[in-house]
Amino acid sequence: MAGIISVSRTHLAQRRQKLRRQRQMRIIQAIWRTFAITGLAGGLLWVAVQPMWMLKAPKQIVMKSGNKLLSDQTTQSLLVLSYPQSLWRIEPSAIANSLKKQPTIAQAIVRRRLFPPGLIIEIQERVPVAVTQTRGNKKVTIGLLDASGDWMPLEKYTSLNPTRKLPNLRVIGSPNQYCLYWTQLHEAVSQSPVKVMEIDCQNPTNLILKTELGNVHLGVPGSQLSEQIKVLAQMRHLATKFNPGQIEYIDLKNPDFPLVQMNQKDQKLTPKILKNI
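In the annotation of an unreviewed UniProt entry, the chain is listed under the name FtsQ-type POTRA domain-containing protein and assigned to Nostoc cf. edaphicum LEGE 07299.

(A) A look at the pairing of strand β2 (residues 61-65). The alternating pattern of β2 places Ile 61, Met 63 and Ser 65 on a buried face and Val 62 and Lys 64 on a face that is not buried. Both β2 and strand β5 (residues 118-125) contribute to a ladder of 5 bridges, which runs parallel. Within β5, the position partnered with Met 63 by the bridge is Ile 121.

(B) Layout of the side chain of Asn 161. Among the secondary structure elements, Asn 161 is positioned in the loop between α4 (154-160) and β9 (170-172). Given a relative accessible area of 3%, Asn 161 falls into the buried group. Apart from the residues lying within four places of it in its own chain, the contact partners of Asn 161 are Leu 69 and Leu 70.

(C) Main features of the nonpolar core. Grouped together as the largest cluster of nonpolar side chains are 32 residues, with contacts concentrated most on Trp 182, Leu 185, Ile 199, Leu 207, Leu 218, Ile 250 and Leu 252. If you list the elements that add at least two residues to this core, you get β6 (128-136), α5 (182-191), β10 (196-200), α6 (225-234), β13 (247-251) and β14 (259-262). Ignoring sequence-local partners within four residues, the contact set of Ile 199 consists of Leu 169, Arg 170, Val 171, Ile 172, Trp 182, Leu 185, Val 189, Leu 207, Ile 208 and Leu 209. By size, the runner-up hydrophobic cluster in this structure holds 18 residues, among which are Leu 55, Ile 61, Ala 96 and Leu 119.

(D) Just the sheet that holds β2, in detail. The strand order across the open sheet built from 3 strands is β2-β5-β4, with neighbouring strands paired in mixed fashion. Because the sheet does not close on itself, it has two edges, and the strands there are β2 and β4 (105-113). For this sheet the average axis-to-axis angle between neighbouring strands, irrespective of direction, equals 15°.

(E) Expanded view of a nonpolar patch on the surface. A cluster of nonpolar side chains, namely Ile 27, Ile 28, Ile 31, Trp 32 and Phe 35, defines an oily patch on the protein surface of about 580 Å² accessible area. Examined against the element boundaries, Ile 27 turns out to sit in helix α1 (residues 2-48).

(F) Just unusual backbone geometry, in detail. With omega at -10°, the peptide bond leading from Tyr 83 into Pro 84 counts as cis. When you line up the elements, Pro 84 lands in the loop between α2 (72-77) and β3 (85-86). Each neighbour pair has its own omega, and for Phe 115 with Pro 116 the value is -15°, a cis peptide bond. Structurally, the position occupied by Pro 116 is in the loop between β4 and β5.

(G) Just the pairing of β10, in detail. By the criterion of burial, β10 is predominantly enclosed, with 4 of the 5 residues buried. Judged from the 3 bridges that link them, β9 and β10 form a sheet pairing that is parallel. Across the sheet, residue Arg 170 finds its bridge partner in β10, namely Glu 198. In this fold, the crossover linking β9 to β10 by way of α5 has left-handed handedness.

Cut-offs and rules
- Every chain begins its residue count from 1, and numbering advances along the sequence as written.
- Totals for whole chains, interfaces and linings use every residue, but because this is a predicted model, local features are given only for residues with pLDDT of at least 70 and side-chain atom pairs only at 80 or more, for both listing and counting.
- Water and hydrogen atoms play no part in the side-chain values, which are based on all heavy atoms of the structure.
- Accessibility here uses a 1.4 Å probe with only protein chains present; expressed as a share of the type maximum, an area under 20% marks a residue as buried, one over 50% as exposed, and anything in between as partly exposed.
- The numbering of helices and of strands both runs from the N terminus, where a helix is a DSSP run of H or I of at least 4 residues and a strand a run of E of at least 2.
- Strands qualify as paired when DSSP identifies two bridges or more between them.
- Here, two residues are considered to be in contact whenever any of their heavy atoms come within 4.5 Å of each other.
- Buried residues of nine kinds, namely Ala, Val, Leu, Ile, Met, Phe, Trp, Tyr and Cys, make up a nonpolar core once their side-chain atoms join them within 4.5 Å.
- Whenever a helix is involved, its axis is fitted only over the stretch in contact; in every case the axis is a line through C-alpha atoms, and angles between N-to-C directions fall within 0 to 180 degrees.
- Patch rule: a residue counts if its relative accessible area is over 30% and it has no salt bridge; like charges are joined within 9 Å, and nonpolar side chains (Val, Leu, Ile, Met, Phe, Trp, Tyr) within 5 Å.
- Values of accessible area rely on a 1.4 Å probe in the Shrake-Rupley scheme; residue burial ignores everything except the protein chains shown.
- Put simply, a salt bridge is a Lys or Arg side-chain nitrogen that is within 4 Å of an Asp or Glu carboxyl oxygen.
- Assignment of crossover handedness uses the view with strands pointing away from the viewer, where a clockwise path from the first strand over the helix to the second indicates a right-handed crossover.

So, in structure tokens, the structure goes:
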């Protein structure tokens, strides 16, 4: 019995000693880990404050733009930056947000570049596809519209792009009158073989296109816009049969039953007549 007690006490003493060594080892590891992290952080801080990590001139900014409507110099003029400035104190997200507030810029991504030190700025520009004309309070407002329906003031665009040619397509009416279906309408019109010079959205019950064939009445804009433009394309042969002045308007409110109203008040070209022309 005494032998068993002696063995147990010896075993417990050895276990305590082992646990004590493990605790000491963990403490030593923690101390070394703290020293390592502190040293690494200090080293990174020392590297960060070195003069080489400075933005000293605009030439350290690399501009990437898909459409190239804005020159690098123009885009750089929109940046709120002072020189010299530590690269680490610059907030790329803040610069990107300030660029996206510009009416001619749709998206902006800003990244730091470490070797060599600088910034990389990627710009997605808004490309105007139509000139807009809005009447209100005895005042006419001229602007520009891109393919997605985003509006931009004409003065701002021309100040940044003084040599750029404006779109030939004109849209008349308030943006609220065409914004819901603009993307669909522009896509259909831009792909049509019949040239469209003007889109009149002033009457919410009758969308009017000014085309090379004459005025085209589409009625209330809706889901049948694409079909109406397709029917208009099928009627392009009218340009070889009649002068534009002979056609008062083309009625495509019902694309299944197109009508052509001639300048003679009592003369209409029904689908049956159109098939024989």
